[in-house]
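Reading the structure
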Amino acid sequence: MSMIDKIYKQVEERNPGEKEFHQAVKEVLESVEPVLDKHPEFVSAKILDRIVEPERQIMFRVPWMDDNGEVHVNRGFRVQFNSAIGPYKGGLRFHPSVYLGIIKFLGFEQIFKNALTGLAMGGGKGGSDFDPKGKSDAEVMRFCHSFMNELYRYIGPDTDVPAGDIGVGAREIGYMFGQYRKVVNRFEGVFTGKGPEWGGSLGRPEATGYGLVYFTQEMLKDDGKDLKGKTVTISGSGNVAQFALDKCLQLGAKVVTLSDSSGTIYDPEGIDRDKFEYVMELKNIRRGRIEEYAEEYGVEYVDRGVPWVYECDIALPCATQNEIDGKDAQTLVDNGVTAVGEGANMPSTPEAMDIFLESGILFGPAKAANAGGVSVSGLEMAQNSQRVPWSFEEVDSKLQNIMKNIYAATSQQAKKYGKEKNFVLGANVAGFMKVAKAMLDQGLI
Ligand code: NDP
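Residues numbered from 1 in each chain as written. Predicted model: local features only at pLDDT ≥ 70, side-chain atom pairs only at ≥ 80, totals over all residues. Heavy atoms only, no water.

Topic: the packing of aromatic side chains
Using the following cut-off: In this scheme Phe, Tyr and Trp rings, the latter by its six-membered ring, pair at centre separations within 6.5 Å, and the angle between planes marks the pair as stacked below 30 degrees, edge-to-face above 60, and tilted otherwise. Numbering of helices and strands starts at the N terminus; helices are DSSP runs of H or I of at least 4 residues and strands are runs of E of at least 2. Here the term buried applies to any residue with accessible area under 20% of the maximum for its type, exposed to any over 50%, and partly exposed to those in between, with areas from a 1.4 Å probe on protein chains only. Charge over a ring is defined by NZ of Lys or CZ of Arg lying within 6 Å of the ring centre and within 35 degrees of the ring normal.
Per the counting criterion, the structure on display carries 24 aromatic pairs. Note on Phe60 and Phe147: the rings are 5.3 Å apart at their centroids and 50° apart in plane angle, and the pair reads as tilted. Residue Phe60 is found in strand β1 (residues 56–65), and its partner Phe147 is found in helix α6 (residues 137–151); the two are separated by 87 residues along the sequence. With 5.2 Å between their ring centres and 75° between their planes, Phe177 and Phe187 make a pair best called edge-to-face. Of the two residues, Phe177 sits in helix α7 (residues 170–184) while Phe187 sits in the loop between α7 and α8 (204–222), which places them 10 residues apart along the sequence. The buried category is assigned to Phe177, whose relative accessible area is 3%. Phe187 sits in the partly exposed class, given a relative accessible area of 47%. Grouping aromatic residues by their ring pairs yields a cluster made of Phe60, Trp64, Phe94, Phe130, Phe143 and Phe147. One residue, Lys247, lies across the ring of Tyr210, its end atom 4.3 Å from the ring centre. The ring of Trp390 is capped by Lys398, whose NZ or CZ atom sits 4.5 Å from the centre of that ring.

Put into structure tokens, the structure is as follows:
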């Protein structure tokens, strides 16, 4: 049995039932295998055995009361995976599907993604199985306060800096930051994605979606292509999907789909600026369902449907993990897709990823393609430390630079290991090298 297989088997045995975590580990182990031949020092220091084990994982009870006076108990998580290159950094996800395996997969991915940004951030992730959908603002506030009554002990601007993710946006971050500030009696940059009036960076809401499109544009440019005039399918209709759509519009592409966990809309005319404003209001203010878009504009809505059945040049999955399976990937390729950029974390199953890589299309993996969000989070931390806010233009131009650099590092590593255009390998190796070297330098920690 190879060393990689042995480590993977141990991960499965030690973390039973955590299938998303196993999937994320397997992908990284397979990518970095060729690195080990060139770097025997990583093998003797058992970097891989250490990197797959979180430095610390915290689970806690979150009791809260609904508007009818009924008591509920949810579970809170924070996995502090690796701090070799900086304080733990990664979002909080509130979704009923959350359990330790999801948080560990996300925390593990975050290590390499954060390393790719070139900023000093380690990897972590957290969240809860709480479902904010259908809850009143008062219920969400009570939950967030209760969550923070425990989490505050483990975080801090130089220790661990959470942010948003699925189900955690500006409202939730506000409630959590408020409670943190009250219990520690300090105003400090402990969260990113804060409101611009209280320490948040301009450009952070846009960063993941914009960054995804910048990265996709880099892949296309390198291949002699351009986004302008292209037809794009996007899944999801939350933060990442909204700003991916916004940037596609700015760059002259036509976006024809959006979705949520209930279904998909297909608008062959394209979602224009006015329709985009409607989506922003529908999703962020009214917190409604995407089905209402179909009613408003008289277009197709498919209950439980996915965007991958529609013809497109570029697909940007921006909803959740494993949302593109092998069948969807084959349909996309058969329909002539030329590029896929992952806005969500691990949206393609391993079968889907194999199909994309074998077909020779441009495939931008999440670690690289969606790193814009955490990059601007890193810039928010820098502004908080300086106590000086930067303009939107300054942040956006830094983001563009970071995404260019991530693409360059990713494609360079892919070439170096003889797999030109395999950006999965490229991103995993580029992120891994930086963290592995830091771990080696710091000894057996
Ligand atoms: P939001 O909560 O704002 O939006 C999530 C969207 O995806 C919603 O439309 C939601 O629909 C849909 N969705 C969620 N779960 C499922 C599911 N199980 N099946 C189908 N659709 C689903 O989250 P974000 O936009 O912030 O995050 C989207 C993805 O991007 C996640 O994978 C996240 O980890 C990743 N990401 C986010 C970053 C950020 O800065 N926000 C940074 C990097 C990655 P519904 O409303 O019905 O639940």
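Here the narrative resumes, following the displayed structure.
Description of the sheet that holds strand β9 (residues 300–303)
Paired through backbone hydrogen bonds, the strands of a sheet run either parallel or antiparallel to each other. Condition: The pairing criterion for strands is at least two bridges between them, as found by DSSP. The angle between two axes is taken between their N-to-C directions and runs from 0 to 180 degrees, where each axis is a line fitted to C-alpha atoms and a helix contributes only its stretch in contact.
Read across the sheet, 7 strands follow the order β9-β8-β7-β6-β10-β11-β12 without closing on themselves; strand pairing throughout is mixed. A single partner strand is all that each edge strand has here, and the edge strands are β9 and β12 (362–364). Each strand of the sheet is rotated relative to its neighbour by a mean of 15°, with strand direction disregarded. Strand direction decides the pairing type here: strand β6 (residues 231–234) and strand β7 (residues 254–260), joined by 3 bridges, are parallel. Bridge pairing links Thr233 to Thr257 in β7.

Details of empty space enclosed by the protein
Under the convention used in this document: Every definition here rests on a 1 Å grid over the protein atoms only: cavities are sets of points where a 1.4 Å probe fits but cannot get out, pockets are open sets enclosed by protein on both sides within 12 Å along at least five of seven lines, and lining residues have some atom within 4 Å of a point. Grid points are joined across faces, edges and corners, and a volume is the space filled by probe spheres set on the points. Under the grouping applied here, Gly and all other residues not named as nonpolar or charged are polar, the nonpolar ones being Ala, Val, Leu, Ile, Met, Phe, Trp, Tyr, Cys and Pro and the charged ones Asp, Glu, Lys and Arg.
The tally for this structure, following the rule as stated, stands at 2 cavities of 30 Å³ or more. A volume near 50 Å³ is recorded for the largest cavity. If you trace the largest cavity, you find it lined by Glu27, Glu109, Glu342, Met346, Met353, Pro365, Ala366 and Lys367. In terms of residue class, the lining of the largest cavity is made up of 4 nonpolar, no polar and 4 charged. Considered as a void within the structure, the second largest cavity measures approximately 30 Å³ in volume. Forming the boundary of the second largest cavity are Gly203, Glu206, Ala207, Tyr210, Phe392, Val395, Asp396 and Leu399. Elements supplying a minimum of two residues to the lining of the second largest cavity: α8 and α16 (392–416). Here the lining of the second largest cavity gets 4 residues from one element, more than from any other, and that element is α16.

Focus on the nonpolar core
Spelled out, the test is: Here, nonpolar core means buried Ala, Val, Leu, Ile, Met, Phe, Trp, Tyr and Cys residues that are tied together by side-chain atoms lying within 4.5 Å of each other. Note on contacts: a residue pair qualifies if any of its non-hydrogen atoms lie within 4.5 Å across the two residues.
Ile234, Leu258 and Leu316 are the most contacted members of the largest nonpolar core, which totals 53 residues. Considering each element in turn, this core owes the most residues, 8 residues, to α8. What Leu316 contacts, discounting residues up to four positions off in sequence, is Leu212, Val213, Thr216, Val232, Thr233, Ile234, Ser235, Ala244, Cys248, Trp308 and Gly341. If you look at the next biggest cluster of nonpolar residues, it comprises 43 residues, including Leu29, Phe81, Ile111 and Ala438.

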